[in-house]
Amino acid sequence: MWISKFIFTYSFAYGWKKFHERGDFTKLKDRIAIVTGGGSGIGQSIAMELAKEGAKLALVGRTLGKLETTVEKLKEINGEAIAVSADVSDSAQVQKMVQEVINHYGRIDILCNTAGIFDGPNDYLETEEEVFESVMNINVTGTFLVSKYVLPHMLKQGKGVVINTSSVAGIRSCYASPAYTASKHAVIGLTGDMAVKYATKGIRSVAVCPGFIETEMISDLLGDKIDENNPVIAPIPMKRLGRVEEIGKVFAFLASDDASYISGVPIIVDGALTV
Ligand code: NAD
């Protein structure tokens, strides 16, 4: 009998100690966050990491089914989320989506612009004009439009964080197509512009530049043999791809008040690739 009492008391004390060692896991408690592209890959991981810190989510994408999958995953960790379908490159759909989020939650504290497309490592001659246009429309105009229609709500609140998803292709010009490279450089430009113009209005804007991350987006680039000799992985000093949660956790930090003096800059998360 005394043994089971001892085990119970010891386990309780150990669990309590461990719980406290983990620190404050509610850095984003009750903050409302929009994550575009939240139905898969990096966007889904951002949603999970924000929810772990207490944020309530609005997941945005073109396909409701994909967003619902993330909503279900969030429920498993007691996260709260709504799914709102919108094409980020369509102004009318974006405005309707922002209104829906406001109607549901009443405010928007965090915007993660993560929806994006990648047209591969094409060169100039291989890049069709309409492909160039659609990459720019989604990656750049989409980021601009969602920010433009969310910003008035953040300004009214006197506080907000916009985190844009750029890429190492926004830092160096050797990883992707002309369209993707131009689009991700432009995202860094939009980020700096917003940071400077609204710095005294309580708004921060940051760009995250992931290296090569394990998602569907780059599966065609990798081929079958995913080891250190893979041509995508070989130049990465850490000799591995990034994991989605390694990006999601950076977003969660940047969205929190712990990052209150970080604005306007690209944050590179790439296993030392661009060094
Ligand atoms: P992904 O394809 O899983 O995610 C992209 C998401 O954007 C999808 O859910 C898709 O449905 C959504 N989307 C695409 N077009 C849209 C539109 N017009 N309107 C609304 N939603 C739209 O790929 P991912 O790897 O998770 O990419 C997420 C972001 O990270 C992208 O912006 C991508 O450019 C960037 N990124 C990815 C990598 C990588 O290695 N995977 C590296 C650097 C940057």
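Small disclaimer: the values here were computed from a predicted structure and weren't measured. (Residues numbered from 1 in each chain as written. Predicted model: local features only at pLDDT ≥ 70, side-chain atom pairs only at ≥ 80, totals over all residues. Heavy atoms only, no water.)

### Some thoughts on the overall build of the protein
Rules: Strands are runs of DSSP state E lasting at least two residues, helices are runs of H or I lasting at least four, and both sets are numbered from the N terminus onward. As a reference, a globule follows 2.2 Å times the number of residues to the power 0.38, and the radius of gyration itself is taken over C-alpha atoms. Relative accessible area decides the class of each residue, using a 1.4 Å probe on protein chains only: under 20% of the type maximum gives buried, over 50% gives exposed, and in between gives partly exposed. Residues are treated as being in contact if the distance between any of their heavy atoms lies within 4.5 Å. Note on areas: these come from Shrake-Rupley sampling with a 1.4 Å probe, and a residue is covered only by the protein chains present in the view. Two residue types count as positive, namely Lys and Arg, and two as negative, namely Asp and Glu; His and chain ends fall outside the count. By convention, the point assigned to a charge is CZ for Arg, NZ for Lys, CD for Glu and CG for Asp.
Of the regular secondary structure elements, the protein holds eight helices and seven strands. Taking 275 residues into account, the globule formula puts the C-alpha radius of gyration at 19 Å, and the protein, at 20 Å, falls close to it. Burial analysis of the protein (275 residues in total) assigns 45% to the buried set. Within the protein, contacts between residues separated by at least 24 positions form 72% of all contacts whose residues are at least 6 apart in sequence. For the protein, the computed accessible surface area is about 14,300 Å², with 57% contributed by carbon and sulfur atoms. When the 28 basic and 32 acidic side-chain charges of the protein are each reduced to a single mean position, those positions are 11 Å apart.

### Re the packing of aromatic side chains
What counts, and what does not: Aromatic contacts are taken between Phe, Tyr and Trp rings whose centres are within 6.5 Å, Trp giving its six-membered ring; a plane angle under 30 degrees counts as stacked, one over 60 as edge-to-face, and the others as tilted.
This model, assessed by the stated rule, comprises two aromatic pairs. Measuring from centroid to centroid gives 4.8 Å for Phe118 and Tyr180, while their planes differ by 80°, and the two rings are edge-to-face. Residue Phe118 is located in the loop between strand S4 (110-113) and helix H5 (129-157), and its partner Tyr180 is located in helix H6 (residues 178-197); the two are separated by 62 residues in the primary sequence. Here Phe118 falls in the partly exposed class, since its relative accessible area comes to 21%. Exposure remark for Tyr180: the relative accessible area of 9% places this residue in the buried category.

### Quick notes on the packing of helix H4 (residues 91-105) against H5
To keep things clear, this is the line we draw: A fitted line through C-alpha atoms serves as each axis, taken over the contacting stretch for helices, and the angle formed by two N-to-C directions is quoted from 0 to 180°. Handedness of a helix crossing follows the sense of rotation of the near helix relative to the far helix, less than a right angle counterclockwise being left-handed and clockwise being right-handed. In this classification, Asp, Glu, Lys and Arg are treated as charged, Ala, Val, Leu, Ile, Met, Phe, Trp, Tyr, Cys and Pro as nonpolar, and every other residue, Gly included, as polar.
At a minimum axis distance of 9 Å, the contact between H4 and H5 shows a crossing angle of 35°. The handedness of the crossing between H4 and H5 is right-handed. Only Leu145, Val146, Tyr149, Val150 and His153 of H5 make contact with H4, whose side of the interface consists of Ser91, Val94, Gln95, Met97, Val98 and Ile102. Partitioned by chemical class, the residues of the contact of H4 with H5 number eight nonpolar, three polar and no charged.

### What about the pairing of strand S6 (residues 203-210)?
Worth spelling out the cut-off: Handedness rule for crossovers: strands pointing away from the viewer, path from the first strand over the helix to the second running clockwise, crossover right-handed. For two strands to count as paired, DSSP must find a minimum of two bridges between them.
Counting buried residues in S6 gives eight out of eight residues, a clear majority hidden from the surface. Since strand S5 (residues 160-165) and S6 lie parallel, the crossover through H6 that links them has a hand, and here it is right-handed. Bridging between S6 and strand S7 (residues 266-269) involves four bridges; their strand directions are parallel. The residue of S7 that forms the bridge with Ala207 is Pro266.

### Digging into the sheet that holds S4
In space, the seven strands of this open sheet follow the order S3-S2-S1-S4-S5-S6-S7, with parallel pairing throughout. Single-partner strands in this sheet number two, and they are strand S3 (81-85) and S7. Across the sheet, the mean angle separating the axes of adjacent strands is 20° when strand polarity is ignored. As judged from the five bridges shared by strand S2 (residues 56-61) and S3, these two strands associate in the parallel manner. Bridging from a neighbouring strand, Leu59 pairs with Ala83 of S3. Where H5 meets the sheet, its contacts fall on strand S1 (32-36), S4, S5 and S6, and the angle it forms with S4 comes to roughly 180°.

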